[in-house]
Amino acid sequence: MDQPDPLRPGHPGFCEVVVSVSHPARVAGFAAAAGWTRLAGGTAPPELARLWGLKPHAVITDEVLGAPGASTGFLRFTHVAGVPQQPVRPLDAKPWETGGLWLVYTRAADDDVATAALAAGGWPTVRGVHGFEFGELAVREVHHRGPDGLTLSVIEQRRPPLAVPATGLTPAFNAAMLVRDFDRARRFFVDALGWRPWMEIDWDGDNPGLALLADPADFDGVRRVRTVIVHPTGENSGSVELIAFEGGPAGRDFAARARPPNTGALALRFAVPSLDATLARLAAHGVEPARRPATLDLPPWGRVRVAPVQALDGAWLEFFEQVG
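Each value, and the rule that gives it
Every residue gets a number counted from 1 within its own chain, in the order that chain's sequence is written. Where totals are concerned, whole chains, interfaces and linings use all residues; where local detail is concerned, this predicted model gives features only for residues with pLDDT of at least 70, and gives and counts side-chain atom pairs only at 80 or more. For side-chain calculations, the full set of non-hydrogen atoms in the structure is used, while hydrogens and water are omitted. Among buried residues, those of type Ala, Val, Leu, Ile, Met, Phe, Trp, Tyr and Cys that are joined through side-chain atoms within 4.5 Å constitute a nonpolar core. Residue exposure (1.4 Å probe, protein chains only): buried if accessible area is under 20% of the type maximum, exposed if over 50%, otherwise partly exposed. Residue contacts are counted whenever heavy atoms from the two residues lie within 4.5 Å of one another. Throughout this description, the term salt bridge denotes a Lys or Arg side-chain nitrogen within 4 Å of a carboxyl oxygen of Asp or Glu. Elements are defined by DSSP. Helices are runs of H or I of four residues or more, strands are runs of E of two residues or more, and each kind is numbered from the N terminus. A pair of strands is labelled paired if DSSP reports no fewer than 2 bridges between them.

Engineer: Explain the nonpolar core here, please?
Structural biologist: Nonpolar side chains tend toward joint burial in soluble globular proteins. Phe30, Leu169 and Phe189 are the most contacted members of the largest nonpolar core, which totals 86 residues. Each residue touching leucine 169, except ones within four places of it in the same chain, is listed here: Phe30, Ala34, Trp36, Ala67, Thr106, Arg107, Ala108, Ala114, Leu118, Leu152 and Val154. Counting residues in hydrophobic clusters, the runner-up holds 19 residues, among them Tyr105, Phe173, Leu212 and Ala214.

Engineer: Where do I start with the pattern of salt bridges in this structure?
Structural biologist: Here the idea is simple: oppositely charged side chains can pair when their charged atoms come close. The tally for this structure, following the rule as stated, stands at 20 salt bridges. Linking arginine 50 and glutamate 47 is a salt bridge whose minimum nitrogen-to-oxygen distance equals 3.9 Å. Here arginine 50 pairs with glutamate 47, and both are found in helix H2 (residues 46–51), just three residues apart, close to one helical turn. Residue class for glutamate 47 comes out partly exposed when judged on its relative accessible area of 25%. When the shortest N-O distance is used, the salt bridge between aspartate 297 and arginine 303 registers 3.1 Å. Put simply, Glu16, Asp62, Arg76, Arg269 and Glu318 are held in one network by salt bridges that share partners.

Engineer: Would you take a moment to explain the environment of phenylalanine 30 for this structure?
Structural biologist: By the element assignment, phenylalanine 30 lies in helix H1 (residues 26–34). Taking the C-alpha atoms as reference, phenylalanine 30 lies 22 Å from alanine 81; in sequence the two are 51 residues apart. Dropping the residues within four chain positions of it, phenylalanine 30 is found in contact with Trp36, Leu65, Leu75, Phe77, Leu118, Gly121, Trp123, Leu152 and Leu169.

Engineer: In this structure, what is going on with the pairing of strand S8 (residues 151–159)? I would like to understand it.
Structural biologist: Within a regular beta strand, the side chains point alternately toward one face of the sheet and then the other, so they alternate between its two faces. Where strand S5 (residues 101–107) meets S8, five bridges bridge the pair, whose relative direction is parallel. Residue pairing in the sheet places threonine 106 in a bridge with valine 154 of S8. Two elements, strand S7 (residues 137–145) and S8, share eight bridges in a ladder whose sense is antiparallel. Pairing of alanine 138 across the sheet is with arginine 159, part of S8. Between S7 and S8, which pair antiparallel one after the other, the connecting turn spans five residues, and aspartate 148 there sits at a positive phi close to 60 degrees.

Purely geometric stuff here, so don't read any function into it on its own.
This is how it looks when you write it as structure tokens:
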């Protein structure tokens, strides 16, 4: 495969989601169900372990999967051996409990077909397929349990029509995180990073999508659901969604766990034209990288210079510049 271009016009959003797995057995089941192919894999260089602050004896292996013909929206399943780990979001985490990445979104032409394939591959549904409408938008959506607490959302858009492949899943196009302080989290992405909102909605009262997440009675006391989808240029392709449930149960916060080498939906990786310029902008807003920048080989992107930043509510974001 030729080296993909993560900075192609129209897509400067995240180019891959890093999923840390305790055992990689369920990766093959996802690849078959999604119709995705293996793009790269093997033992990661020791520079990555140092970037993540791991002991020298840690061994990192990974496998990168992508939709046919896609140049971004990959899933990188990473296994770390030789170090203690805990799940970023445990299996019993509730939809309103904050910290780390919560949902990774993809699309399908038919949710029933996609659901059957994923379930057969070892990725069961959370609450089945649900249909609902938001104004002019009508969708069917289903959540699947991936390895180590990863939750995959598969969306079938019915109105307005959206062209997607007849079979399999599209590239990952959005990732959601649950936040405690919505305004503060929004400022991090919009002011510090300079991203633009693609969509912003506050729901007061009944929300047609809550039944997808849990029994509606579990949301008693929720006064408002606040949502904003942000992206470097204001698109819904490689975007990040911030969600806050105001009122209702406070629940636990997993922000402190949302860092390597813990398991689950671990990180989002973004290609940038200049890593120094990105870090300078963040520094001007009081945000410093979680670790010093490192240069390493990162297939399929080639040789890169990368630095991690831990967002509010714990999400681990890695920004990289291709250098060879």
